[in-house]
Amino acid sequence: MRVFTAALATETNTFSPIAIDRRAFEASLYARPGEHPATPTLCTAPITVGREVCAREGWDLIEGSASWADPAGLVARATYEELRDEILGQLQAAMPVDGVVLGLHGAMVAQGYDDPEGDLLGRVRDIVGPDVLVCAELDPHSHLTARRVAAANFFVVFKEFPHTDFVDRARDLWAIAVRALKGEIRPVMSVFDCRMIDVFPTSKQPMRGFVDRMFALEKSEPGLLSLSVIHGFMAGDVPEMGTKVIAVTDGDAAQGARLAETLGRELFSMRGTFMVAQVDEKTAVDAAMAAPEGPVVIADVWDNPGGGTAGDATVILAELIARGVTDVAVGTIWDPIAVQICFAAGEGAEIPLRFGAKSAPRTGSPIDQHVTVKRLVRDAQMRFGESYAPFGDAAWISFGGIDVILNSTRAQSFDPSLFSAMGIDPKSRKILLIKSTNHFYDSFSRIASEIVYCSAGKPYPNRPAETEYRKARRDIWPMVEDPWTARD
Ligand SMILES: [Zn+2]
């Protein structure tokens, strides 16, 4: 057997001001054929798992290029086309192949392409013909377009959010592909459109129980090969945005359709109940001030660079300053220009500085303060699970009892070590203000006396009913209250 594999992935927040070019991919991950490191990034596990599987089976794995860019705004047209054509050229050269196993994300949007993955999969199908197996691993924060479903035999999607299972799901993907290539099964994909869009953290109920049940059904239901939920990605303004359920069965599309519908209607019945309750900046600051002891963590949940925003919103910080709150550490505010100024001034300098809120509307105003430059760190990084996440050249500035870390590489606040990396003991402050939606919880909950989830300003289109979409469908909840009877 000869199997081709490659990866091309990013998550596009079409409302984000941070445009993506080839350099952005190269800064995150760009690996030529055979040069992918031994450890996978989020969307490239099909390559590393494919190496193990093909070695075990005695099959040829033909590796194409692998690219990943951290979530941000629109991908430049030329960048997408170059990366796509590179992979298609490699596939063409590898022909004939028996299968194609890809690592995608599924929420990329490029200038001129609302559905780049559908475009890529369609072109892959054109090259290999109708009888070759084509499958891919996807992130649930993606758009499941009809074009993708038509072009691929099946998809397997991460079940967990936070995405702790991307390697396990790549193993599922390959396990199904291997059995199909050996002729033991014939995977077919059934999709149910839930007619909704929501956010589904799986670390809490009700989604925890739902995911556990999907695992149980995969074991107990005869003929069922895989179940997935496409959560959808509300920051991607594309025509086919929304939540969908995928069932992959052994040749029984009707069984798959039944299962997908049952699960999909269950998700719909729980709409609006998945997220942790959030408060505005005034209530968040009240709660933090009232806490008997620290550190109280205020999470600026929607200015999360992990969802493609700039990460420079100042709404909550401005509220803290206006209320005269002290004993605060902020990690981080993205402002490469201010960092550059601090580096020029040097450690110990006292300077007038304008920082933050320079990138997008409805994220507050730039902060003007006379600051002391306390510490400067080149190529700063924080821990993230077993690995490290870089946040670039960084400056610790201080004014009026508030410490702020300014960074030059956008990064969400994964771990309290972002403070210690700059010389600030996170446990020593009453209030820690951070930027993350969900990923911060595991590490910060270990030191926090209390966690306050704050929705401040509008850095991210998190209220779909109010978002000014130009392309996304409007016949789904919460844009309409009842999408089942409202449709014609
Ligand atoms: Zn995701």
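Residues numbered from 1 in each chain as written. Predicted model: local features only at pLDDT ≥ 70, side-chain atom pairs only at ≥ 80, totals over all residues. Heavy atoms only, no water.

Structurally, Asp-115 is set in the loop between strand 4 (99-104) and helix 4 (116-128). Overall, the relative accessible area of 11% leaves Asp-115 in the buried class. Among residues more than four places away in sequence, those in contact with Asp-115 are Thr-145, Arg-147 and Arg-148. (Helix = DSSP H or I, 4+ residues; strand = E, 2+ residues; numbered from the N terminus. Buried < 20%, exposed > 50% of the residue type's maximum accessible area, 1.4 Å probe, protein only. Contact = heavy atoms within 4.5 Å.)

Right, let's talk about the coordination of the zinc ion for a bit. Ideal values differ by geometry: the angle at a metal is 109.5 degrees with four tetrahedral donors, but 90 or 180 degrees with six octahedral donors. The protein atoms that coordinate the zinc ion are Asp-139 (OD), Asp-139 (OD), His-141 (ND1) and His-163 (NE2), at distances spanning 2.0 to 2.6 Å. Mapping the donors of the zinc ion onto the primary sequence gives the spacing D-x1-H-x21-H. Taken as a pair, His-141 in the loop between strand 5 (133-138) and helix 5 (146-151) and His-163 in the loop between strand 6 (154-157) and helix 6 (166-181) lie far apart in primary sequence, 22 residues in all. (Donors = N, O, S within 2.8 Å, 3.2 Å for Na, K, Ca; no water.)

As a further point, take the sheet that holds strand 8 (residues 224-230). Strand order in the open sheet formed by three strands is 7-9-8, with antiparallel pairing between adjacent strands. Unpaired on one side and paired on the other, strand 7 (187-193) and strand 8 mark the two borders of the sheet. Strand-to-strand twist in this sheet, taken as the mean axis angle between neighbours without regard to direction, amounts to 15°. Pairing of strand 8 with strand 9 (residues 244-250) involves six bridges; the strand directions are antiparallel. Residue Leu-224 lies in a different strand from strand 9, and its bridge partner there is Thr-249. (Pairing = 2+ DSSP bridges. Axes fitted to C-alpha atoms, helices over the stretch in contact; angles between N-to-C directions.)

As a further point, take the pairing of strand 10 (residues 296-300). Burial of strand 10 is extensive: five of the five residues sit out of reach of the surface. The alternating pattern of strand 10 places Val-296, Ile-298 and Asp-300 on one face and Val-297 and Ala-299 on the opposite face, and all of these are buried. Sheet analysis places strand 10 next to strand 16 (residues 431-434), joined by four bridges and oriented parallel. Within strand 16, the residue paired with Ala-299 across the bridge is Ile-434.

A few words on helix 2 (residues 45-57). Between the first and last C-alpha of helix 2 there are 18 Å, a value that for 13 residues agrees with the 18 Å anticipated at 1.5 Å per step. Looking only at helix 2, the buried set comprises Ala-45, Pro-46, Ile-47, Thr-48, Val-49, Gly-50, Val-53 and Cys-54. Packed against the buried residues of helix 2 are strand 1 (2-9), strand 3 (60-68), strand 4, strand 5 and helix 6. (Expected span 1.5 Å × (residues − 1).)

If you walk across this open sheet you meet the eight strands as 12-13-14-15-11-16-10-17, and the pairing is mixed. If you trace the sheet from one side to the other, it starts and ends with strand 12 (350-355) and strand 17 (450-454), each paired once. Across the sheet, the mean angle separating the axes of adjacent strands is 30° when strand polarity is ignored. Direction of pairing for strand 11 (residues 328-334) relative to strand 16: parallel, over a ladder of four bridges. Paired with Gly-331 across the strands is Ile-434, a residue of strand 16. Where helix 9 (residues 281-290) meets the sheet, it contacts strand 10, strand 16 and strand 17, and its direction lies at approximately 170° from that of strand 17.

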